[in-house]
Amino acid sequence: MSEKTDKNVQAGKAATADPADGTGQRRLSVFKTYKLYVGGKFPRSESGRVFEVTDSGGNWLANAPLSSRKDARDAVVAARKAFGGWAGATAYNRGQVLYRVAEMLEGRREQFASEVADAEGLTQAQAAAQVDAAVDRWVWYAGWTDKIAQIVGGGNPVAGPFFNLSSPEPTGVVAVLAPQGSSFLGLVSVLAPVIATGNTAVVVASEEAPLPALSLGEVLATSDVPGGVVNVLSGRTAEIAAPLAAHQDVNAIDLAGADEALAKELEIAAADNLKRVLRPQPVDDWAATPGTDRMTAFLETKTVWHPTGSLGASGSAY
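Residues numbered from 1 in each chain as written. Predicted model: local features only at pLDDT ≥ 70, side-chain atom pairs only at ≥ 80, totals over all residues. Heavy atoms only, no water.

Considering the pattern of salt bridges
Next, step 1: Using the criterion set out here, one finds 14 salt bridges in the structure.
Next, step 2: Note that Asp74 and Lys70 form a salt bridge whose closest N and O atoms lie 3.0 Å from each other. In this pair, Asp74 and Lys70 both sit in helix H2 (residues 69–88), 4 residues apart, roughly one turn of the helix.
Next, step 3: In this structure, Glu218 and Arg108 form a salt bridge, with 2.8 Å as the shortest nitrogen-oxygen distance. (Salt bridge = Lys/Arg side-chain N within 4 Å of Asp/Glu carboxyl O. Helix = DSSP H or I, 4+ residues; strand = E, 2+ residues; numbered from the N terminus.)

Here's what the structure looks like:
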């Protein structure tokens, strides 16, 4: 038996202070197994590696998968495969799906509050407030899915007999480095706008506190979000982010969870295929109204010209 397995067993034995069941026997606690979320499935890392996750006091919480470069590439393949269907869905339908995520989170509020409290060293009340804000954030972006086109698109005046219309389209596959200090609300705040506008995402969870992100994968799997639209990886941020930044099939990257040195390296790597790059921005309060910046950051503008045509000898046009 390995040292790490032995430690887990000891932790399980230590948790057997529960009252005896009806048979008079005590039972071991069943610890949660955290897995990656890729392509709508829950694989372990292909490398077989795990790393220990501890709470703010250094106490062991769980073993999380330590993702490899191969896991990152698999996640990009899944995201690309899902992109066509998700981008082609109506904005109204995407809003319904995001609202369903909020519904499912509401039903697991206590679980996420407990995980956030352990991850960030918050009181139960503070963690519950963070979870409530995350649920509200999903609802907020669900409402924006069919409205953002009116904000960034429209008819353009031109000097000629033409209709000139601009409309937003999703960029494609977006790599998202989740904020390190806000394991759940920060994660939702950077993920929801990416998929609300029709992109698909490969998320690198907070390195120090990945458990809420991995649990979010379980919610997404039961919330009508098509497999591959969101893919969640855990592990060393720099190790996973490097192949994503250099990947030729990743269209954009959000560096919210990178420090200044890592962000510079990733930005250089991303330039090879002209990725859109959203550099880290200081956020004082993730619960504050986010605005539309993170939605428009990963939208392209398509402009269509069409001749108006003439109607009869009078020269009138439509």
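Side note on the layout of surface pockets
Next, step 1: The volume enclosed by the second largest pocket comes to roughly 250 Å³.
Next, step 2: Along the walls of the second largest pocket sit 13 residues, with Val283, Trp286, Thr289, Pro290 and Arg294 positioned nearest its centre.
Next, step 3: Every element with two or more residues in the lining of the second largest pocket is listed here: helix H5 (124–144) and helix H11 (293–296).
Next, step 4: A breakdown of the residues in the lining of the second largest pocket according to their chemical character gives 6 nonpolar, 3 polar and 4 charged. (1 Å grid on protein atoms, 1.4 Å probe; cavity = no way out; pocket = protein on both sides within 12 Å on 5 of 7 lines; lining within 4 Å. Points joined across faces, edges and corners; volume = space filled by probe spheres on them. Nonpolar A, V, L, I, M, F, W, Y, C, P; charged D, E, K, R; others polar.)

Focus: unusual backbone geometry
Next, step 1: Within the chain, Asp224 stands out as a residue other than glycine whose phi angle is a positive 70°.
Next, step 2: Turning to its location among the elements, Asp224 is positioned in the loop between helix H8 (211–221) and strand S7 (230–233).
Next, step 3: Classification of Asp224 by relative accessible area gives exposed; the value is 56%.
Next, step 4: In this model, Leu274 sits at a positive phi of 60°, which is unusual for a non-glycine residue. (Buried < 20%, exposed > 50% of the residue type's maximum accessible area, 1.4 Å probe, protein only.)

With respect to helix H3 (residues 91–107)
Next, step 1: Here H3 spans 25 Å end to end across 17 residues, near enough to the 24 Å set by a 1.5 Å rise per residue.
Next, step 2: Residues Arg94, Gly95, Val97, Leu98, Val101, Ala102 and Leu105 constitute the buried set of H3. All buried residues of H3 lie within an arc of 165° about the axis, which places them on one face of the element. Residues of H3 that are exposed and point more than 90 degrees away from the buried face comprise Tyr92 and Gly107. (Expected span 1.5 Å × (residues − 1). Arc of directions from axis to C-beta.)

Re the pairing of S7
Residues in a regular strand project their side chains so that they alternate between the two faces of the sheet.
Next, step 1: By the alternation rule, side chains of S7 split into Val230 and Val232 and Asn231 and Leu233, which are all buried.
Next, step 2: Strand direction decides the pairing type here: strand S6 (residues 200–204) and S7, joined by 4 bridges, are parallel. Directly across from Val204, in S7, lies its bridge partner Leu233. (Pairing = 2+ DSSP bridges.)

A short note on the pairing of strand S5 (residues 173–177)
Next, step 1: Among the 5 residues in S5, 5 count as buried, and that is most of the element.
Next, step 2: Side chains Val173, Ala175 and Leu177 project from S5 onto one buried face, and the interleaved Val174 and Val176 project onto a second face that is buried too.
Next, step 3: Judged from the 5 bridges that link them, S5 and S6 form a sheet pairing that is parallel. In the sheet register, Ala175 faces S6, and the bridge partner there is Val202.
Next, step 4: Note on the crossover from S5 through helix H7 (residues 185–196) to S6: the handedness is right-handed. (Right-handed = clockwise from strand over helix to strand, strands pointing away.)

Re the environment of Tyr34
Next, step 1: Mapped onto the secondary structure, Tyr34 falls in the loop between helix H1 (3–14) and strand S1 (50–54).
Next, step 2: Its relative accessible area of 10% is what places Tyr34 among the buried residues.
Next, step 3: In sequence terms Tyr34 and Leu211 are 177 residues apart; their C-alpha atoms lie 7.4 Å from each other.
Next, step 4: Here Glu115 takes part through its side chain, which lies 2.8 Å from a polar atom of the side chain of Tyr34. (Polar contact = N/O pair within 3.5 Å; in protein donor to acceptor, adjacent residues only side chain to side chain.)

Some points on the packing of aromatic side chains
Next, step 1: The final tally for this structure, using the stated rule, is 5 aromatic pairs.
Next, step 2: Considering the side-chain rings of Trp140 and Tyr141, the 5.1 Å spacing of their centres and the 90° angle between planes classify their relative orientation as edge-to-face.
Next, step 3: Judged by relative accessible area, Trp140 falls into the partly exposed class, the value being 28%.
Next, step 4: Through successive ring pairs, a cluster of aromatic residues spans Trp140, Tyr141 and Trp144.
Next, step 5: Taking NZ or CZ as reference, Lys32 lies 5.2 Å from the ring centre of Tyr34, over its face.
Next, step 6: Over the ring of Phe51 we find Arg236; its NZ or CZ atom is 4.8 Å from the centre of that ring. (Phe/Tyr/Trp six-rings, centres within 6.5 Å; stacked < 30°, edge-to-face > 60°. Lys NZ or Arg CZ within 6 Å of the ring centre and 35° of its normal.)

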